[in-house]
Amino acid sequence: MTEAQRKQEIARRRTFAIISHPDAGKTTLTEKLLLYGGAIQLAGSVRARRDSRATTSDWMALEKQRGISVSSTLLQFDYGGCVINLLDTPGHKDFSEDTYRVLTAVDSVIMVIDAAKGIEERTRKLFEICRLRGIPIFTFMNKMDRPALNSLALLDELERVLGIGAFPVTWPLGSGEDFRGVYDRLRHELHLFERTARGQHRAPNQVRGIDDESIRKQIPERIYAPWREEVEILTGAGETFDVAAVMAGQITPVFFGSGITNFGVQLLLDYFVRYGATPQPRISGDTPIPPEHPDFSGFVFKVQANMNPRHRDRLTFVRVCSGTFVKDMIVNDPVSGDPVRLSYPQKLFAQERESVEIAFPGDIVGLVTHKAFPIGATLTSNPSIRYDEIPRFSPEAFAYIRNSGTAKYKQFREGLDQLLQEGVIQSFSSLDAGRATTLLGAVGQLQFDVVMYRLHWCAGLAPAWTGARSRT
Ligand code: G4P
């Protein structure tokens, strides 16, 4: 592969996550992006998969039982000549540490807001993290098919509550029952949509110029007049779309739509592909390492085990930052410094896996390993590169754990060590406790439930808890 081809591969990567408050519509939008990306034929399969997980994996049963998404999923698909890497972020607040780690691995985010509710607490927190990292943020005002807050007020809220400038790229025509379409303010085109049964297929779409007389015949005056007036107000404000300000995280491009009916989703995807950030440099010491740097480098942002009973092993997720990743390449072990071969790299699509031969900056590679690389570790062929992307969070909940009975002590220790390596929990030495008792710290209570679940249901152990842990 020539240098020019490699640069082209880098330039066509878009690696992002969707952030939102639970229930704002992240799963639905993910699915619709896949539908428009051609990665699935019929919408419904991602949610169906999520809902049927208990039958395929007992690990997923925890998610179902608690109605949350614990395990992060990676989705990769091609769209508009680009390779889209979409990282799912866990929705529950106790997993904020995990979410933070995922956000270190992306180059942009799409923030989904429920247009009936405006900015909710969790969105605000996730936004703050993105802002600290200077990540470009695209905003999708979702659920416009339901009675929504006033669109101008929603824009105002972005500026007032989040302190970010907002540039509406699309503007809704009507809302709730009257939601008919969106106006693309950059291309001066009105997209009128039709609903399809349960939004399973792409929404049929007519495109019109703003002054097209036929619009007035199709759209009742009570919907048309306020829309036209708002469009004039926005045009009169005279703001231009400042791509540099978007890249700097100072302005968020805003798209209106409805994930469930597919309205406005394709425009979001089209503009995201066009303006979403390409792979960005990561910092080693004080030096930014550009993705075009010839040496391979990446860092571990997640370690996960036992996601699927068909693959009872451990997956180490690596964000490729520079150079080219090639199957079976040798890097330095980040702990011992010894050479280590990166075998069994996997490309992931939800729970499915496929072997990967080559990956470029922006890509996420899942390494199937027996020995875990620690979270935050740099994998590279150039020992002078060392990333420090992932901070440790202070635990807020503590509990002692021990194995009831002496049987299976080795499995208990191994199981616990694995969870520590995955970064689910942290362990502390305690002077007043015996060898059989370990003090665990977690960012939230839910992580203790995950520990319990993994040790008890997946490994058949009988852990006992004492201390501050409130749930059993
Ligand atoms: P999340 O991942 O952010 O938690 O949200 P999710 O997509 O699971 O959506 C939460 C609920 O909001 C779901 O309803 C979903 O159908 C609904 N929803 C998502 N997008 C839209 C939209 O654009 N318009 C409307 N009207 N609803 C939307 P649910 O009742 O919890 O589930 P279900 O019965 O629909 O499966």
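Residues numbered from 1 in each chain as written. Predicted model: local features only at pLDDT ≥ 70, side-chain atom pairs only at ≥ 80, totals over all residues.

Next up on the list: the overall build of the protein. Scanning the protein from terminus to terminus reveals 14 helices and 27 strands. Within the protein, buried positions represent 45% of all 472 residues. Counted over contacts in the protein with a minimum sequence separation of 6, partners at least 24 positions apart contribute 70%. (Helix = DSSP H or I, 4+ residues; strand = E, 2+ residues; numbered from the N terminus. Buried ≥ 20, exposed ≤ 12 C-beta atoms within 10 Å, placed from the backbone. Contact = placed C-beta atoms within 7 Å.)

Right, let's talk about the packing of helix 2 (residues 26-36) against helix 12 (residues 265-275) for a bit. A packed helix pair is summarised by two numbers, namely the angle formed by the two axes and the spacing between the axes. At their nearest, the axes of helix 2 and helix 12 sit 10 Å apart, and the two run at 75 degrees to each other. What the angle tells us is that helix 2 and helix 12 run roughly perpendicular. Touching Lys32, Leu33 and Tyr36 of helix 2 are Val265, Gln266 and Leu269, all from helix 12. Each residue belonging to the contact of helix 2 with helix 12 can be placed in one class, and the counts come to four nonpolar, one polar and one charged. (Axes fitted to C-alpha atoms, helices over the stretch in contact; angles between N-to-C directions. Parallel < 35°, antiparallel > 145°, perpendicular 65-115°, else oblique. Nonpolar A, V, L, I, M, F, W, Y, C, P; charged D, E, K, R; others polar.)

Attention shifts here to unusual backbone geometry. The phi angle at Lys143 is positive, at roughly 65 degrees, despite the residue not being glycine. Mapped onto the secondary structure, Lys143 falls in the loop between strand 5 (137-142) and helix 8 (151-162). The backbone of Asp328 sits at a positive phi, close to 70 degrees, despite the residue not being glycine. Mapping Asp328 onto the fold places it in the loop between strand 16 (325-326) and strand 17 (330-332). Classification of Asp328 as exposed rests on a count of 10 C-beta atoms within 10 Å.

On to helix 8. With twelve residues, helix 8 ought to run about 16 Å at 1.5 Å a step, and its terminal C-alpha atoms sit 16 Å apart, in line with that. Residues of helix 8 that are buried include every one of Ser151, Leu154, Leu155 and Leu158, and no others. The buried residues of helix 8 occupy one face: seen down the axis, they fall within an arc of 100 degrees. Those residues of helix 8 that are exposed and angled more than 90 degrees off the buried face are Ala153 and Arg160. (Expected span 1.5 Å × (residues − 1). Arc of directions from axis to C-beta.)

Moving on, we get to the sheet that holds strand 10 (residues 205-209). What the four strands build is an open sheet, ordered 7-8-9-10; its pairing is antiparallel. The sheet terminates laterally at strand 7 (170-173) and strand 10, the two strands that pair on one side only. Adjacent strand axes in the sheet meet at a mean angle of 25 degrees, parallel and antiparallel pairs treated alike. Direction of pairing for strand 8 (residues 181-184) relative to strand 9 (residues 189-193): antiparallel, over a ladder of four bridges. Directly across from Val182, in strand 9, lies its bridge partner His191. Packed onto the sheet, helix 10 (residues 221-237) meets strand 7 and strand 8 and runs at close to 160 degrees relative to strand 7. (Pairing = 2+ DSSP bridges.)

Attention now goes to the sheet that holds strand 6 (residues 165-168). The sheet built from seven strands is open, its strands ordered 2-3-1-4-5-11-6 with mixed pairing. Looking at strand neighbours, the two that pair on one side only are strand 2 (74-79) and strand 6, the edges of this open sheet. Here the average twist between neighbouring strands, direction ignored, is 30 degrees. Bridge count between strand 5 and strand 11 (residues 251-256): three bridges; the pairing is parallel. Paired with Met141 across the strands is Phe256, a residue of strand 11. Sitting on the sheet, helix 2 is in contact with strand 1 (13-20), strand 2, strand 3 (82-87), strand 4 (108-114) and strand 5, with an inclination near 155 degrees to strand 1.

The immediate surroundings of the ligand are formed by 17 residues, with Gly25, Lys26, Thr27, Thr28 and Ile260 found nearest. It is helix 2 that contributes the most residues to the shell around the ligand, three residues altogether. (Near = placed C-beta within 6 Å.)

This brings us to the nonpolar core. Ala17, Val106, Val109, Ile110, Met141, Val300 and Val318 are the most contacted members of the largest nonpolar core, which has 93 residues in total. Summarising the domain contributions, this core has at least three residues from each of domain 1 (3-275) and domain 2 (282-380). Not counting chain neighbours up to four residues away, the residues in contact with Val318 comprise Gly298, Phe299, Val300, Ile364, Val365, Leu367 and Leu379. Counting residues in hydrophobic clusters, the runner-up holds 17 residues, among them Ile401, Ile425, Phe448 and Val451. (Core = buried A, V, L, I, M, F, W, Y, C linked by C-beta atoms within 7 Å. Domains from an automatic or database assignment.)

Burial analysis of strand 5 places six of its six residues in the buried class, the great majority of the element. With burial as the criterion, each face of strand 5 is covered, one bearing Ile137, Thr139 and Met141 and the other bearing Phe138, Phe140 and Asn142. Judged from the six bridges that link them, strand 4 and strand 5 form a sheet pairing that is parallel. Residue pairing for strand 5: Met111 is matched across the bridge by Thr139.

The next thing to look at is the environment of Gly337. With respect to the secondary-structure elements, Gly337 resides in the loop between strand 17 and strand 18 (339-341). The exposure class of Gly337 is exposed, given the 9 C-beta atoms found within 10 Å. Along the primary structure Gly337 and Pro383 are separated by 46 residues, whereas in three dimensions their C-alpha atoms are 8.8 Å apart.

Per-residue pLDDT for the protein has a mean of 83; in total, 82% of the residues score no lower than 70. Every residue in residues 51-60 scores below 50 in pLDDT, and together they form 13 contacts with partners more than four places removed in sequence or on other chains. The low-confidence segment residues 66-72, where pLDDT is below 50, has 20 contacts with residues more than four positions distant or belonging to other chains. (pLDDT = per-residue confidence, 0-100.)

As for its position among the elements, Val356 is in the loop between strand 20 (352-355) and strand 21 (358-359). Note on Val356: 20 C-beta atoms within 10 Å, which makes it buried.

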